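Inside the fold
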Amino acid sequence: MHAIIQRLQDCLGPAGVLFEKEDLAPYCTDWRGIFSGTALAVALPKTTQQVAEVVQLCRAFQVKLIPQGGNTGLCGGATPEGDDPQIILSLKRLHQIREIDLENQTITVEAGCILQTLQEKVAASGAFFPLSLAAQGSCTIGGNLATNAGGINVLRYGNTRDICLGIEAVLASGEVYSQLKGLRKDNTGYDLKNLLIGSEGTLGIITAGVFKLFTAPLGHYAALVAIDDVSQMIALLQELQRRAGNELCAFEMMSRESLELTIRHFPQYNRPIFTAGKYTLLIELANFEEEHSPTSTRVQEVLEGSLENYLVKGAISDAAIASSQAQVNEFWGIRHHITLAQAKEPGNIKFDISFAISKIAGFIESTDALLKEQFDGVKIINFGHLGDGNLHYNLCAPEGASVDYIANHEKSLTEVVIAQIQLFGGSISAEHGIGQLKRDYLFQHRGGVAYQMMKDIKKALDPENLLNPKKVLL
Ligand SMILES: Cc1cc2nc3c(=O)[nH]c(=O)nc-3n(C[C@H](O)[C@H](O)[C@H](O)COP(=O)(O)OP(=O)(O)OC[C@H]3O[C@@H](n4cnc5c(N)ncnc54)[C@H](O)[C@@H]3O)c2cc1C
């Protein structure tokens, strides 16, 4: 047994340290089962002070440290890699809500709090917390900060970074950086909060955050829309943005292939509208006004009016508007199950990419064509947060291909897509981060100057390379 384990137990108590092989297993493999590694132990601190003590121990023993929240990340960022002695620092037990401050419309919460728990506690106080993603039942707010998670409400509320007012973090030195005043304006020197947010556990361990709270919408209106043409989707998005402003919360796109895959694995979602177009849109608007006519609200009229126009001019082939909150939830059910369905497929390559909205139609058309030409039968599972210019452009093996197809073609498929992303001025990571998955492409994508700045920052904040080594940067 490594000597650090006894010292960790002295610090965290026996329940705060796992080191038996079967206890370590779920922490050492990522959610998709693609990345796995080994660790000496999992440390489960309950306070920020304990996190700082664990970091000091790791420094003393020169043991690397992998921060982990809910382990739902899609880039292998929370999984140990390599042969260096390392421990996983799970934030799971550091999960208290420290304060809900309705006067200032803020919440201060510890990193290990599950996102859904946070949403529910805020809702019970009468306010609204907008960050929402399919993994919300398992992911933690610390993981959301560390990855600057996006999700389904970015159109109206922005990414995690946009709703965060301050953080507390333990640095590689073992010191605690704390900025939890909840100020809405604070131009005092460099923006350290935004440096740590999105740093994927490589610059500090986030132990708490203070966030904005919002007024809860009075209702949501959602529609499924069958549509073939990507340019028409963008036109509809822009019309809704013009007419509804930021009451438009979500504008999600799902290709027919992504829905067929989902229905195959989750047949309860079989609905005729999903095969009526090449793509299905899931559009959601939030209502903040009392009804302005006996039967409808203004946003409802905007949604219905726009869809009717598009139906009349033949730009969409079908539309279904949810008639109850239960139906809104059902619409979201299928959208959220696409990632789960993909995880059940034997092999796939994920691209979480973003573009300026005006470039999306061109990217899809030319990349679909290139892939079909060069990789006969390869399946393109394209869906995503279209309103944010964010596509989850994923590739699966052709029907009946050998089980090694993806492994054998991964490099060449990836090179085609990455070259196309560069050509259309996009990003290789819209919201999932870099982790291990995209690490080898970061230099090429960001260029030498930006890459060297990142390396210099890492060296300044973590000179011994203790925090999440081999992630983000080579
Ligand atoms: C079904 C499904 C749907 C998803 N949908 C979305 C989506 O719509 N939008 C989106 O952005 N993501 C999405 N994700 C990805 C994932 O849920 C997010 O990246 C989430 O923010 C990760 O949170 P986590 O607590 O699980 O972090 P983990 O997976 O545990 O860790 C992720 C990264 O953050 C680091 N980290 C974790 N906690 C801390 C901490 N306290 N301090 C410092 N570093 C830390 C880890 O080292 C790792 O690098 C989805 C995942 C799944 C499985």
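Only a predicted model underlies this, so the values are computations on that prediction, with no experimental measurement involved.

Moving on, we get to the UniProt feature "domain: FAD-binding PCMH-type" (unreviewed entry) in the chain. Mapped onto this numbering, the UniProt entry annotates "domain: FAD-binding PCMH-type" (unreviewed entry) at residues 35-216. For the annotated span residues 35-216, helix accounts for 24% and strand for 25% of the residues, and the straight-line distance between the end C-alpha atoms is 39 Å.

Taken domain by domain, the chain holds domain 1 (3-90), domain 2 (97-215), domain 3 (219-343) and domain 4 (348-423). The C-alpha centroid of domain 4 is placed 24 Å from the C-alpha centroid of domain 3. Contact with domain 3, which involves 20 residues of that partner, is made by 20 residues of domain 4. For the pair domain 3 and domain 4, the summed buried area comes to about 1,600 Å², and 60% of that belongs to carbon and sulfur atoms. Linking domain 3 with domain 4 are seven residue pairs in polar contact (both at pLDDT 80 or more), by the criterion used here. Where the side of domain 3 that touches domain 4 is concerned, the elements lending two or more residues are helix H9 (230-244), strand E13 (248-255), helix H10 (256-265) and helix H12 (325-343). Counting residues per element, the side of domain 3 that touches domain 4 draws most heavily on H9, which supplies six residues.

On the basis of which strands lie adjacent, the open sheet formed by four strands has the order E1-E2-E4-E3 and mixed pairing. The open sheet terminates on both sides in strands that have one partner only, identified here as strand E1 (17-18) and strand E3 (64-68). Note that E3 and strand E4 (residues 86-90) share five bridges and pair parallel. Bridge pairing in E4 places Gln68 opposite Ser90. Running over the sheet, helix H3 (residues 48-61) touches strand E2 (41-43), E3 and E4 and is turned about 175° from E4.

Time to look at the packing of aromatic side chains. Enumeration over the complete set of coordinates arrives at seven aromatic pairs. Taking the centre distance of 5.8 Å and the plane angle of 55° together, the rings of Phe128 and Tyr157 count as tilted. One end of the pair, Phe128, is in strand E7 (residues 127-128); the other, Tyr157, is in helix H6 (residues 154-157), and 29 residues separate them in sequence. Overall, Phe128 belongs to the buried group, its relative accessible area being 19%. Geometrically, the ring pair formed by Phe363 and Phe424 is edge-to-face, given 6.0 Å between the ring centres and 90° between the ring planes. On the criterion of sequence distance, the pair formed by Phe363 in helix H13 (residues 360-374) and Phe424 in the loop between helix H14 (405-423) and helix H15 (439-446) is long-range, its members being 61 residues apart.

Around the ligand there are 36 residues in total, and Pro67, Gly69, Thr72, Gly73 and Thr140 lie nearest to it. Pro67 places a main-chain nitrogen or oxygen 2.6 Å from an oxygen atom of the ligand. Here an oxygen atom of the ligand and a backbone polar atom of Gly150 are 2.9 Å apart. Computed on the free molecule, the ligand has an accessible area of 980 Å², of which 97% lies beneath the protein chains in the complex. If you list the elements that add at least two residues to the shell around the ligand, you get E3, helix H5 (141-147) and strand E10 (205-212). Here the shell around the ligand is composed, by residue class, of 14 nonpolar, 20 polar and two charged.

Reading the values: rules and limits
- Residues numbered from 1 in each chain as written.
- Predicted model: local features only at pLDDT ≥ 70, side-chain atom pairs only at ≥ 80, totals over all residues.
- Heavy atoms only, no water.
- UniProt positions renumbered as here; feature names shortened; annotations may be inferred.
- Helix = DSSP H or I, 4+ residues; strand = E, 2+ residues; numbered from the N terminus.
- Domains from an automatic or database assignment.
- Contact = heavy atoms within 4.5 Å.
- Buried area = accessible area lost by both parts, 1.4 Å probe.
- Polar contact = N/O pair within 3.5 Å; in protein donor to acceptor, adjacent residues only side chain to side chain.
- Pairing = 2+ DSSP bridges.
- Axes fitted to C-alpha atoms, helices over the stretch in contact; angles between N-to-C directions.
- Phe/Tyr/Trp six-rings, centres within 6.5 Å; stacked < 30°, edge-to-face > 60°.
- Buried < 20%, exposed > 50% of the residue type's maximum accessible area, 1.4 Å probe, protein only.
- Near = heavy atom within 4 Å.
- Areas by Shrake-Rupley, 256 points an atom, 1.4 Å probe, with all protein chains shown as cover.
- Nonpolar A, V, L, I, M, F, W, Y, C, P; charged D, E, K, R; others polar.

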